[in-house]
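Secondary and tertiary structure notes
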Amino acid sequence: MATRTIQTIAGEPILRVKGVRQAFPRGDGEPLLVLDDVTFELRKGEIVGLLGRSGSGKSTLLRLIAGLARPIAGAIDYRGAPLSGPASGIAMVFQTFALFPWLSVLENVELGLEALGLPRDEIRRRALGAIDLIGLDGFESAYPKELSGGMRQRVGLARALVVHPTILLMDEAFSALDVLTAETLRTDLLDLWIEGQLPIDAVVMVTHNIEEAVLMCDRVMVFTANPGHIARELKVDLPHPRDREDPRFREIVEAIYVEMTARPMSRGAGHAVVDRFPGMGIAMQLPRISSNLISGLAEAIAGSPYEGRADLPEIASELHMEIDDLFPVADTLQLLRFAEVERGDIRLTDAGKAFAAAEVDERKRLFARHLVAYVPLAAHIRRVLEERASHQAPKSRFLDELEDHMTDQYAEATLRAVISWGRYAELFEYSDDAGAFRLEAPAS
Amino acid sequence: MKLFRPPVSVTAGRFAPSAWDGGAAAIVLALFVMIAAAAHGMLAPLSTLAVEPVSLDPVNLPYYALRTTVRMLLALACSIVFTFTYATLAAKSRRAELILVPILDILQSVPILGFISLTIVGFMALAPGRVLGAELAAIFAIFTSQAWNMAFSFYQSLRTLPGDLDEACRSFRLSPWLRFWRAEVPFALPALVWNMMMSMSGGWFFVVASEALTVGNTTITLPGIGSYIALAIKARDMTAVVWAVASMALVILVYDQLMFRPLVAWADRFRAEQTPGAPAATSWALTMIRRARLIRIVITAIARVVRWLRGRPSVRLPRAPGVLGRLLASRAADRVWAAAVAVVALLAIWRIGQFVSTALSVADVVTALGLGSVTFLRVAVLIALASVIWVPVGIYVGLRPQLAAAVQPAAQFLAAFPANLLFPAAVVGIVHFHLDPDIWLSPLMILGTQWYILFNVVAGASAFPGDLRDVAANLGLRGWLRWRKALLPAVFPYYVTGAITASGGSWNASIVAEVASWGDTRLAAHGIGAYIARATAAGDYARIVLGIAVMSAFVIVVNRLVWRPLYAYAERRLRLD
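Residue and element names in this part refer to chain B. The grouping of Leu250, Leu253, Val254 and Leu258 at the surface amounts to a nonpolar patch, some 340 Å² of accessible area in total. Within the secondary structure layout, leucine 250 lies in helix α11 (residues 238-267). Leucine 250 gets classed as exposed once you look at its relative accessible area, which sits at 54%.

Printed below as a string of structure tokens:
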């Protein structure tokens, strides 16, 4: 452990990310900025975590480092030279494993070496070595579909390690696994890393699991969204193996929650509550959150032991929700002014308490009132339907409007979200067959 | 269990022949002998055809069957090469795609039988005085019936390689060559094998037409099952027709067992997602190949060559540097390219118009359109009839796994049977009962293609989820309600796929099926197929072009206006996953 710490201090930067910006094209006009002015250095001997909500651009950054995409501005230097395309010293582990189903475990691991054009014997020798290291012996001739998720990700790890990369990139590598398997794999990997058995110099991992980040990383970059940038860098200098119940561990976790629920700085000062979704007015991007989740979270916070105010890490662990699941629901409650999220806590407003306590019909009425008041797109659709003599409007009318402000996918997702909320609130009807909104349900 | 074993030849046990070796060796030897015989016939001087004309003596049938088989195999090999190059180019280059995909789309929905006679002269010139020239022309004709759907399926697979696999390839810096063999071809294989089987069935249709070639005034008849059938029909020899049918059935069976079954079973492991519970395809021939050590030695050697090929560090395509490179890759350059393509297309249309208009009048176009409508009506009625019959049967069969296992291969087998074989019965019947050929020739069109509806519906019903079945039973759904609310919607996506294939095939078949002959008796129905067939027989290129253009227009319009919306609807609303 001590040697690692010294290395962290002494290590020279392997990777420099300087003022990187990335944007994706949308309907018309300005491209959507997903990363803005991201700068950091990766040093020899450290594990760096990129942590943030979905949409904060952390995976995009990882893909830029992997050379799978190119930034529109800024530069990424790998070992002092600008990166252009996938580099031989950077290997990636994928969330979905990305194994070739027609290749056996051994063949999957050998693939990266074949691409290097090494001699047959050496390929075999090194592949078997990696398989051995990662605990896959005996599975050489198995096909991925015969393996459990945990074993598959071990193949993914072996495949990345076998090329002896300088930097190992992990894109939510443990998030597709069940809790127990993920923990085993994390511990195994950490043990190998601490014992210096891994043929790598540094690790960059993307995660949305705060505890995972604190458990594994030497440094954690907390990203905020719209556009994604590094809000804060936290050092984790606890010795390995780390204990989740250690007060210092909890402290760091709490600090990250506070950081991630901090109010965005840039918005108007007059607002009492700030919405976290990108875009203004009807162009706000909405998440597809079911009304069941909205009610469920409100009820959980209203009930004991929280009584209207809950610590996010606490309620996340009680509800078995990761932040990628929890934050969008909390943000939606905030959008509807049923709750306020701040400093790692979520607090129900008076309306929120009434919402949580109400019976079905009253709850729907309350939801409808807040939907019209605080979600401009829902109010807009309702108004258009009222103004039209037929009380009908095609979906494309609103979709076109949205596509001016966001990508086609987000426009579709946003409209889907508002349809689902509007249906629950009985604000309007929508028929997928006809692709049209209606004010009232058909009489029959 | 360790994966590593010493090299094949070292261990004593490895060389002890297994029981499978006997059968395998016999088959391999027989194949060598047969290929040699066929090659000998192909390279013979042209005059031998006159000395040894095709005879109806059934003793010759095995040899004819062999020649036809080799022809079809060679055509299939050409189709695979074509698929790997054409489809890859279309998928990799944005600009090539702009031209290649529409061309493919049209080629795969249009019969180009009529144009075959144009190419013969060229092929004859390649090998003057030898049978080889005519052979090449015949192989080309069969190739044109096989290649398009294979290329299209491969193109679609290349475009739908899962995103994470694509990123893995790029992240591990696989060369384009390695990526092609390690990722893209395996991913495309299951669909490609399936399309190869369909192509083979389609090829039989053309065999009869392609083995008798006309150059100017002389007709070259290549020895083969196709020309045997043609001769038998001309001579009104019913016994010979029965012999031909029998040997054709045998050839199709051998093909199925020795080639496609093993291929399907082998390609099964390349499926990207494995539906749990789906029975794995099995094949005795594949088992034999895997168990027989002699064959395995051969395969290991081949695999080594393939690996060597694959391992070649390939040259990366150089990119034009600097400003020029950026300019070439820009969107503006794309537009210039699109404009250039449009100009060339317009020129081509103008040129065709010019060619056709010197020989044809507006009245001809009106006639062709009218005949096209008649054939359209015929296809529509036939598809409707086939649906009414085969959808219920298919669902009934599909819900009973054991029955389905027996029916599926039979339906695939029947799909390979060309309509020509039923001509004698049809003609004799129509003449005897004084029936209207406009109506009674029609069933021949759908004879081979109706099976696509059946086996797709069977597949759909087999995939009907158990929980939905249980819930239907639990709710007491029965009779029409059960069909309307549960079964029919569940098989609809499969049905649409089958019906698209059946309808496309029927248009193609109309060229053969709207004109039937038995000896001197010729029956013709009104329709665009008969029109093209007549024009082809007369060598009237203007009318061939017109007929094919009209048929293509009908096929494309029907695809766009009927099938595509139905398909989209099925994808959107009725998919079960």
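A separate point is the interface of chain A and chain B. Each partner contributes residues to the interface: chain A has 35 residues there, and chain B has 27 residues. Contact between chain A and chain B buries roughly 3,000 Å² in total, counting both sides, with carbon and sulfur atoms accounting for 60%. A per-residue breakdown of the area chain A buries against chain B is headed by A:Leu68, A:Phe100 and A:Trp102, which together make up 23% of the total. On inspection of chain A and its partner chain B, the count reaches 2 salt bridges.

Residue and element names in this part refer to chain A. Strand order in the open sheet formed by 4 strands is β2-β1-β4-β5, and the pairing between neighbours is antiparallel. In the strand order of this sheet, the two ends are held by β2 (32-43) and β5 (81-82), each with one partner. In terms of strand pairing, strand β1 (residues 13-24) meets strand β4 (residues 73-78) through 5 bridges, oriented antiparallel. Bridge assignment links lysine 18 to a residue of β4, and that residue is alanine 75. Its contacts with the sheet put helix α2 (residues 58-65) on β1, β2 and β4, and the angle it makes with β2 is roughly 60 degrees.

Residues and elements named next belong to chain A. Per-residue pLDDT for chain A has a mean of 87; in total, 93% of the residues score no lower than 70. Long-range and interchain partners of residues 1-10, a stretch whose pLDDT sits below 50, account for 11 contacts in this model, where long-range means more than four residues apart. A low-confidence stretch, residues 266-273 (pLDDT under 50), is modelled with 8 contacts involving residues beyond four sequence positions or located in other chains.

The next point concerns the domain arrangement of chain A. What the domain assignment lists for chain A is domain 1 (15-260), domain 2 (285-371) and domain 3 (375-444). The C-alpha-based centres of domain 1 of chain A and domain 3 of chain A are spaced at 40 Å.

Here we come to the packing of helix α16 (residues 362-398) of chain B against helix α24 (residues 528-538) of chain B. Residues and elements named next belong to chain B. Interaxial distance between α16 and α24 falls to 7 Å at its minimum, and their mutual angle equals 130 degrees. The angle between the axes of α16 and α24 places the two elements in the oblique class. The segment α16 lies against α24, with Asp364, Ala368, Leu371, Gly372 and Thr375 engaging Ile528, Gly529 and Tyr531. When grouped by side-chain class, the residues that make up the contact of α16 with α24 number 4 nonpolar, 3 polar and 1 charged.

This part covers the sheet that holds strand β11 (residues 309-311) of chain A. Working definition: the strands of a sheet are paired by backbone hydrogen bonds and lie parallel or antiparallel to each other. All names here are of chain A. Spatial ordering of the open sheet is given by β11-β13-β12, a layout of 3 strands whose pairing is antiparallel. Strand pairing shows two members of the sheet lacking a second neighbour, β11 and β12 (339-342), which therefore form its edges. Averaged over all pairs of adjacent strands, the angle between strand axes in this sheet comes to 15 degrees, irrespective of strand direction. Of the strand pairs in this sheet, β12 and strand β13 (residues 345-348) are connected by 4 bridges, and their pairing is antiparallel. Bridge assignment links glutamate 340 to a residue of β13, and that residue is arginine 347.

Here the focus is the side chain of A:Thr207. Residues and elements named next belong to chain A. You can see threonine 207 is positioned in strand β8 (residues 202-207). A polar contact of 3.1 Å, which involves the side chain of threonine 207, links it to the side chain of glutamate 212. Apart from the residues within four sequence positions on either side, threonine 207 is in contact with Leu50, Leu51, Gly52, Lys58, Glu172, Glu212 and Ala213.

Looking now at the side chain of A:Thr332. Residues and elements named next belong to chain A. Residue placement: threonine 332 occurs in helix α11 (residues 323-335). Only 2.7 Å separates the side chain of threonine 332 from the backbone oxygen of proline 328, close enough to count as a polar contact. In contact with threonine 332, other than residues within four places in its own chain, are Phe277, Pro287, Ile289, Ile294 and Trp421.

Our focus in this paragraph is the pattern of salt bridges. Residues and elements named next belong to chain A. For the structure shown, the criterion picks out 43 salt bridges over all chains. Linking glutamate 211 and arginine 244 is a salt bridge whose minimum nitrogen-to-oxygen distance equals 2.5 Å. Placement of glutamate 211 in helix α7 (residues 210-216) and of arginine 244 in the loop between β10 (229-235) and α8 (247-260) is noted, with a sequence separation of 33 residues between them. Across the pair glutamate 412 and lysine 395 runs a salt bridge whose closest N-O atoms are separated by 3.1 Å. You can see glutamate 412 sitting in helix α16 (residues 408-425) and its partner lysine 395 sitting in helix α15 (residues 395-403), a full 17 residues away along the chain. For glutamate 412, a relative accessible area of 28% puts it in the partly exposed group. Exposure remark for lysine 395: the relative accessible area of 15% places this residue in the buried category. One continuous salt-bridge network, built from bridges that share partners, spans Glu183, Arg186, Glu211, Glu212, Arg244 and Arg250.

With that settled, consider the nonpolar core. One broad trend across soluble globular proteins is that nonpolar side chains are buried collectively. Formed by 290 residues in total, the largest nonpolar core has its most connected members in A:Leu61, A:Met170, A:Ile256, A:Ile346, A:Phe367 and A:Leu415. At 18 residues, helix α9 (residues 176-210) of chain B tops the list of elements feeding residues into this core. When neighbours within four sequence positions are excluded, A:Leu415 is seen to be in contact with A:Leu377, A:Ile381, A:Lys395, A:Phe398, A:Leu399, A:Leu402 and A:Phe437. Residues B:Phe123, B:Met124, B:Val131 and B:Leu222 belong to the second largest nonpolar core, which totals 11 residues.

Turning to the pairing of β13(A), a few remarks are in order. Residue and element names in this part refer to chain A. Where β11 meets β13, 3 bridges bridge the pair, whose relative direction is antiparallel. Along β13, the bridge assignment pairs alanine 310 with isoleucine 346. The antiparallel hairpin formed by β12 and β13 contains 2 residues in its connecting segment, where arginine 343 sits at a positive phi of about 50 degrees.

In this structure the tally under the stated criterion is 28 aromatic pairs over all chains. With centroids separated by 5.3 Å and ring planes inclined at 90 degrees, the aromatic side chains of A:Phe398 and A:Phe437 adopt a geometry described as edge-to-face. Here the residue A:Phe398 occupies a position in helix α15, and A:Phe437 occupies one in strand β16 (residues 436-438), the gap between them amounting to 39 residues. Using a relative accessible area of 0% as the deciding quantity, one classes A:Phe437 as buried. Ring centres 5.9 Å apart and planes at 70 degrees place the aromatic pair B:Phe143 and B:Trp148 in the edge-to-face group. Neither B:Phe143 nor B:Trp148 differs from the other in exposure class; each is buried. Taken together, the ring pairs connect B:Phe82, B:Tyr86, B:Phe140, B:Phe143 and B:Trp148 into an aromatic cluster.

Conventions and cut-offs
Residues numbered from 1 in each chain as written. Chains lettered and ligands numbered in written order. Predicted model: local features only at pLDDT ≥ 70, side-chain atom pairs only at ≥ 80, totals over all residues. Heavy atoms only, no water. Patch = residues over 30% accessible without salt bridge, like charges linked within 9 Å, V, L, I, M, F, W, Y side chains within 5 Å. Areas by Shrake-Rupley, 256 points an atom, 1.4 Å probe, with all protein chains shown as cover. Salt bridge = Lys/Arg side-chain N within 4 Å of Asp/Glu carboxyl O. Helix = DSSP H or I, 4+ residues; strand = E, 2+ residues; numbered from the N terminus. Buried < 20%, exposed > 50% of the residue type's maximum accessible area, 1.4 Å probe, protein only. Contact = heavy atoms within 4.5 Å. Buried area = accessible area lost by both parts, 1.4 Å probe. Pairing = 2+ DSSP bridges. Axes fitted to C-alpha atoms, helices over the stretch in contact; angles between N-to-C directions. pLDDT = per-residue confidence, 0-100. Domains from an automatic or database assignment. Parallel < 35°, antiparallel > 145°, perpendicular 65-115°, else oblique. Nonpolar A, V, L, I, M, F, W, Y, C, P; charged D, E, K, R; others polar. Polar contact = N/O pair within 3.5 Å; in protein donor to acceptor, adjacent residues only side chain to side chain. Core = buried A, V, L, I, M, F, W, Y, C linked by side-chain atoms within 4.5 Å. Phe/Tyr/Trp six-rings, centres within 6.5 Å; stacked < 30°, edge-to-face > 60°.

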